[in-house]
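Coordinate inspection notes
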Amino acid sequence: MLADAEATISHRSRTAIVGENGRGKSTLLRVLAGDLAPDDGHVERAGTIGVVHQTLPAHDGETVATLVAESLRPAHLALHALDRATNGLENGDADADTLYATALDAAMRLDAWDAERRIDLALDGLRACTDRDRELATLSVGERYRVRLACVLGGGHDLLLLDEPTNHLDADGLDFLAAHLRSRTGGLAIVTHDRALLREVADEFLDLDPSRDDRPRRYAGGYSGWHEGRRRERERWAQDHEAQQAEHTRLTQAVHEARDRLSTGWRPDKGTGKHQRQSHAPAVVQNLKRRQQQLDEHRVTVPPPPPALRWPQLRTRPGTPIVRCDEVTVTGRLHNPVTLDLDGGDRLLVTGPNGAGKSTLLTLLAGELTPTGGTVRRSPGATIAHLSQEVPPWPAGLQAHEVYRGHAPEDAESLTAMGLLDAEALRTPVGRMSHGQRRRLHLALCLAQRPDLLILDEPTNHLSALLVDELTDALRTTPAAVVVATHDRQLLADLAAWPVTTMSRNP
């Protein structure tokens, strides 16, 4: 799951741990936190560490106050130690000066006097439950998570280890989190798919994705430094692999040619003397042996690099009518009538709060739902592909390439060409694939349809930041019409020039 990882998180670090799902990001955080012992190597820790994992179980009797007290404990201990040291000074105890200086330094480092106020501010900023008596078991997963995150943010720790901290946060909560992480003086190691947060808070990146020597890579220079450094390394990796493959092909061809000359090409014309034939034969045989030895000694030591996204060729003509919606509604799901036209090359960004009907509108456009009011007309022959938030229920035992071949039998070779899944993922049963791998397969099936209209519902979910960057670039230039519904702050910023339909909960 994780191998040869080296990380130093100092009190000034702003480190993002990145990579595809399943590469060991959460595992590395657990090792750094001391929650998981490594099989090999060692971890050294100093100072206080605040940890937020993706899930927080609720045990009987635990309340919001339980989490607050847990977070305040280091500050309270520091203040108690300072009180004891102060009493020692007043009593003239031996070593009182040293003990007081040590206790004062610990309390100041934690800013212990202000700890409870910081937690209250964080609870409020994250829209978390502030009722100390509320039992955790009565809170939703998201509510428990926000309480835990607020307590850790307010704890004044020397180092924060955060695993997907944007989960369960609304726009105001995201703004509060980003501002807090930018202003804090302690160290930070963060795992997140939120590209906007990565751009705002991370100075260096530890990339766990495959490399040419299969070791993690560290990049400085923030998000752009990571993006550019990784791009250059992948280009060199691809060039070196192609060069070695070309040399292997050249040597293989040389062996074939030498073998052909041995069987036929070296024989002189009829009438040539026996001595001439005998003197020529050893040279041809020796040439074949030399070529074969060169081939045997040559090794392709550079592995093939991971594929990059390759967008299929689409032939949608600009302005070609695709979908017409006229005053459509769905009882209980889409209250406000929607009217819109989509033609080839059109772009549409669908925004609005949860429950406003964004996904309902997208399923209407895709023809997967019939409106209870209004009409939807689709042009005959127009192909519409829908990347929904939930992947289809494929048989768990089928491998990825089998699922693809079943949906696109005439296009079975292009799954590899698209660059969305590597060779190992292609042979993995879908029941054992990660969320990110299943999402990539779903996107591949959509693209295999060569759609005239591509509908994407929260397309950044479970996809790596760099793949989302590649996808965003492709969406800007594809001739197909594109409809995107998203809460992703960076994607909203990247597509800010697109026309927008804003959905509302209230009729």
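Refer to the structure above for everything that follows.
Anyway, here's the lowdown on the structure attached to this text. (Residues numbered from 1 in each chain as written. Predicted model: local features only at pLDDT ≥ 70, side-chain atom pairs only at ≥ 80, totals over all residues. Heavy atoms only, no water.)

1. Description of the sheet that holds strand β1 (residues 14-18)
- Sheet architecture is open: six strands sit in the order β2-β3-β4-β1-β5-β6, paired in mixed fashion. Two strands bound the open sheet, and with one partner strand each, they are β2 (49-52) and β6 (217-220). With direction set aside, neighbouring strand axes in the sheet form an average angle of 15°.
- The sheet contact formed by β1 and strand β5 (residues 204-207) spans four bridges and is parallel. When the bridges of β5 are listed, T15 appears paired with E204.
- Lying on the sheet, helix α1 (residues 25-33) is in contact with β1, β2, β3 (159-163), β4 (187-191) and β5; it crosses β3 at an angle near 150°. (Pairing = 2+ DSSP bridges. Helix = DSSP H or I, 4+ residues; strand = E, 2+ residues; numbered from the N terminus. Axes fitted to C-alpha atoms, helices over the stretch in contact; angles between N-to-C directions. Contact = heavy atoms within 4.5 Å.)

2. A few points about the state of the cysteines
- Tallying each qualifying case throughout the model produces zero disulfides.
- Take C151: it sits in no disulfide, and the sulfur closest to it among the cysteines is that of C129, at 10 Å.
- Overall, the relative accessible area of 0% leaves C151 in the buried class.
- Here C325 stays unpaired: no disulfide links it, and the sulfur of C446, its closest cysteine neighbor, is 18 Å away. (Disulfide = S-S within 2.5 Å. Buried < 20%, exposed > 50% of the residue type's maximum accessible area, 1.4 Å probe, protein only.)

3. Concerning the nonpolar core
- Of all hydrophobic cores here, the largest spans 51 residues; its most connected members are V147, L149, L162, L181, F205 and W226.
- Counting residues per element, this core draws most heavily on helix α2 (residues 64-91), which supplies nine residues.
- Apart from the residues within four sequence positions on either side, L162 is in contact with L29, V52, L149, L181, L188, A189, I190 and V191.
- The next biggest cluster of nonpolar side chains, apart from the first, holds 40 residues, and it includes A400, A408, L443 and L454. (Core = buried A, V, L, I, M, F, W, Y, C linked by side-chain atoms within 4.5 Å.)

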